[in-house]
Amino acid sequence: MGIINLAPKILDPIPGGKYVVNAIDYVVNWARANSIWPLTYGTSCCAIEMMSSSMARYDIARFGSEVFRSSPRQADLFILAGTITRRMAPAIQMLWEQIPGPKYAIAMGACTISGGPFIYDNYSVVRGAQNLIPVDVFVPGCPPRPEALFHGLLTLREKILKETCRNPWQVGEPKDVSTMDRYREAAKTWAALEEMKDEEMAEARAKFKEENPDYKSSFKPIRIKKEDFPEVERVPFKRMGLTQSDIYAKLKEKFPAVTVHTHSEDPVEDVVAAMPADRPLEVMVTPEDYLPMVEFIKDEACLKMDYLIDIVGIDYDDHFDVVSQFRSMEHGHKLFLCLQLKKDFSIPEEQRATALLAHAPSISHLYPAAEFKEREVYDMFGIDFVGHPDQRRIFLDDDFVGYPLRKDFTHPEMIRRPV
Amino acid sequence: MTGMLPPGFRIQRETNTEEFFINMGPQHPSTHGALRLALRMDGETIVELVPHFGYIHRGMEKQAESMSYLQYIALSDRQDYLTAIQNNLGVVIALEKGMNIGVPEKAEYIRVMLQELGRIASHLVFFACFGGDLGGQTCLLYGFKEREMIHDILEEVTGSRLTTNFFRPGGSRYDVPDTFIPRVKAFLDHMDGTMKDYERFLSKNIIVLERSKGIGILSKEDAIAYGCSGPVLRASGVNFDVRRANPYSIYDSFDFEVPVTYNGDCYDRYTVRIAEIHESMKILRQCIDRFPTEGPWRSKEKPVRLPVGRYYSEIETAKGLYATYVVAATTGEKPYRIHTRGPSFPHIAALNKMVQGHKISDLVTILATLDPVIPEIDR
């Protein structure tokens, strides 16, 4: 910037100098507006559309922006492609500060404009990039098509062309505006406009009726015929490996305390036998039986559950369910172990939200896959896995307060979905 | 020494050399999104790697608790956006199990065809990024070229390029247009020629061979123990494909092979995916021959209300095993809890095992062949 911005000061006193200043403006803007180099940055879906727009079909090179730079120090444009989370926010601010001016930002997609699909009941998404950095152009869409991104790029170009030596580019300030406030304001304005339009229409209608009392409409609404579809019976997918009854019998033999959760009065054996072929057997396990049972199903030759699909936590009023899902690579059958953990209500009520309410044995020494899965359950539910080698939060920051997937979780930034 | 290590690192061996730490990400072109890797280096060699997630954790599972089941189908698009159409099916199958409704034959064919198109599209992005990460920018342009043809078909059928939100319990949102079958046929004919070009680019390229053969070996035992799935597992010599192991939809009526290789290195993961594109094309050709033009394209529309229970579905997306676990505590339109098991999460968990002893540039190759999508890990 420096020298060019001094041009008016030096050239204006000279006769005819302002024409030279205009020429300088023209040349500088021509160069600047036709070579906007974006930063290679993308977090989610929008990044793929951004990539598509730089490829052969859409060819962003037509607008001089094909040089995607991996280093912020060589970029002019920050295309915010993808949702911004609270954890990512400091990185984004740092990237913005590292880009040398004049620099511009395009907020691509609904997430970076307002939070998009992640507005309600969300504790981790920043609602709008303008809270973090000054944004020049907003491109709506979820995700926006490449054409929409180009429209944003051309809009930015127009903005750049308006800059002059006398009115140079200046770094903006992030606007800390709550999206919901703006949304409500917009909704109010919109409703007022609608009301005004309705009134105008009613007036026009009354006037028309007065002028043409004999008018009769020949308009008939067309109704699209609804197709009738047949009801189709569901055929369960093919079963592989042992049947649910066989697995249940095997487990019952070794661990008599094993049951299946059921609401019917029938004996458990009948309930298990009546299961559809493609429904995995899910058995209830006591915490004492859990570790021996996992060892048993892993080593037993006819079960051989060597593959851990996932570990899922579920929060109920007075207990947690931890469902470990296993499958056998060799045979193809699956088994879900549902471990019920009573919540520890001896902890004072005001501390419960941040306390580990239950303890479960870790199975990460048997299944390496369990290490990250257990960390996820710990992070989301606050269940302590005894014997876990590295129990830390995985998705959230270390100083995050509370465990989000508990039903009573509250967060100051969370907006409840209107019913 | 333990006190000096950042969180997550564990002492594994005694060393005399001075070690240092490198941070890679969360904004890094070759981490495929917002993944952060912390590396413990000994000179140029990676001693240990600790992945840090959560930079794109959007709290989808918390949100799902206040959403209806149908709304969650739209969220599943945004998990693994490269295979959005396949994620839709994963959720829908779980809902169908709960609602106990079936799918007519034509709808099944529509499903299978869109699944395979989605698989080819995802593998083409892999091809593009793998070539790009190795330094061959040409591959980027070529991979995305054919992908646009698939996007044209998807746009015509579903109305959207990327986030399709197409399948519904009992079928799909719309019938396919008349131009669907001719367009798929034209795409396949075009693809036959292009695949030869693709393989000429990379498969015998000396730079690719040098940089991917014997790099990032994942043994069969480790692949199973870490819960890997999809092409990563099959490249390690495990013949596991949900389409064969627990066939869903009408996959058991097609004639196709599950490509398996046995070295478990980067080159094998690449060849498995290329072979899978060929197999998908084989399935698509069979679909075109047998596609029923007449008949209903969905079953009778019913309100999506699931009875009390827990429902589980699993499908094979382009990346691997995608499982949905739905918990309905009350009969109604809203889930008590929905959990998604994405295939990329275990792959990144196994990354430390693969990169130890390699150089940083090899880490880029290994990460490219795992083909992770970070929003699906973080959800």
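Residues numbered from 1 in each chain as written. Chains lettered and ligands numbered in written order. Predicted model: local features only at pLDDT ≥ 70, side-chain atom pairs only at ≥ 80, totals over all residues. Heavy atoms only, no water.

Caption draft 1: Broad picture of the sheet that holds strand S7 (residues 321–328) of chain B. All names here are of chain B. Taken together, the three strands give an open sheet; going across it, the order is S6-S7-S8, and neighbouring strands pair in antiparallel fashion. This sheet does not close on itself; its edge strands, each paired only once, are strand S6 (309–316) and strand S8 (337–341). Ignoring which end each strand starts from, the neighbouring axes of this sheet average 10° apart. Pairing geometry for S7 and S8, over five bridges, is antiparallel. (Pairing = 2+ DSSP bridges. Helix = DSSP H or I, 4+ residues; strand = E, 2+ residues; numbered from the N terminus. Axes fitted to C-alpha atoms, helices over the stretch in contact; angles between N-to-C directions.)

Caption draft 2: Focus on the pattern of salt bridges. Residue and element names in this part refer to chain B. Scanning the entire structure with this criterion turns up 47 salt bridges over all chains. Arg78 serves as the salt-bridge partner of Asp77, at 3.9 Å between the closest nitrogen and oxygen. The exposure class assigned to Asp77 is buried, which follows from its relative accessible area of 1%. Between Arg111 and Glu96 there is a salt bridge whose closest N-O contact spans 2.8 Å. (Salt bridge = Lys/Arg side-chain N within 4 Å of Asp/Glu carboxyl O. Buried < 20%, exposed > 50% of the residue type's maximum accessible area, 1.4 Å probe, protein only.)

Caption draft 3: Molecular detail of the interface of chain B and chain A. Of the residues lining the interface, 92 residues belong to chain B; the matching set on chain A comes to 93 residues. Between chain B and chain A lies a buried interface of about 7800 Å² when both sides are counted; carbon and sulfur atoms form 59% of it. For chain B, the biggest contributors to the area lost against chain A are Gln27(B), Lys62(B) and Arg310(B); these three give 10% of the whole. Residue Arg310(B) is joined to Glu282(A) by a salt bridge in which the shortest nitrogen-to-oxygen separation is 2.5 Å. Where chain B packs against chain A, one counts 37 residue pairs in polar contact (both at pLDDT 80 or more). The biggest single contributor to the side of chain B that touches chain A is helix H5 (residues 137–158) of chain B, with eight residues. Of the residues that constitute the side of chain B that touches chain A, the class distribution is 48 nonpolar, 20 polar and 24 charged. (Contact = heavy atoms within 4.5 Å. Buried area = accessible area lost by both parts, 1.4 Å probe. Polar contact = N/O pair within 3.5 Å; in protein donor to acceptor, adjacent residues only side chain to side chain. Nonpolar A, V, L, I, M, F, W, Y, C, P; charged D, E, K, R; others polar.)

Caption draft 4: Focus on the side chain of Asp25(A). Checked against the element boundaries, Asp25(A) lands in helix H2 (residues 17–33). Leaving out residues up to four positions away in the same chain, Asp25(A) has contacts with Thr164(A) and Cys165(A).

Caption draft 5: Local environment of the sheet that holds strand S2 (residues 36–42) of chain B. All names here are of chain B. Read from one edge to the other, the open sheet built from three strands follows the order S1-S2-S3, with strand pairing classed as antiparallel. Each of the sheet's edge strands pairs with one partner strand only, and the pair in question is strand S1 (20–24) and strand S3 (45–52). Shown here is a sheet whose adjacent strand axes are inclined to one another by a mean of 25°, direction ignored. Sheet topology note: the S1/S2 ladder contains five bridges and is antiparallel. Within S2, the position partnered with Ile22 by the bridge is Leu39. On top of the sheet, helix H14 (residues 360–370) reaches S1, S2 and S3; it is set at about 145° to S2, its chief contact.

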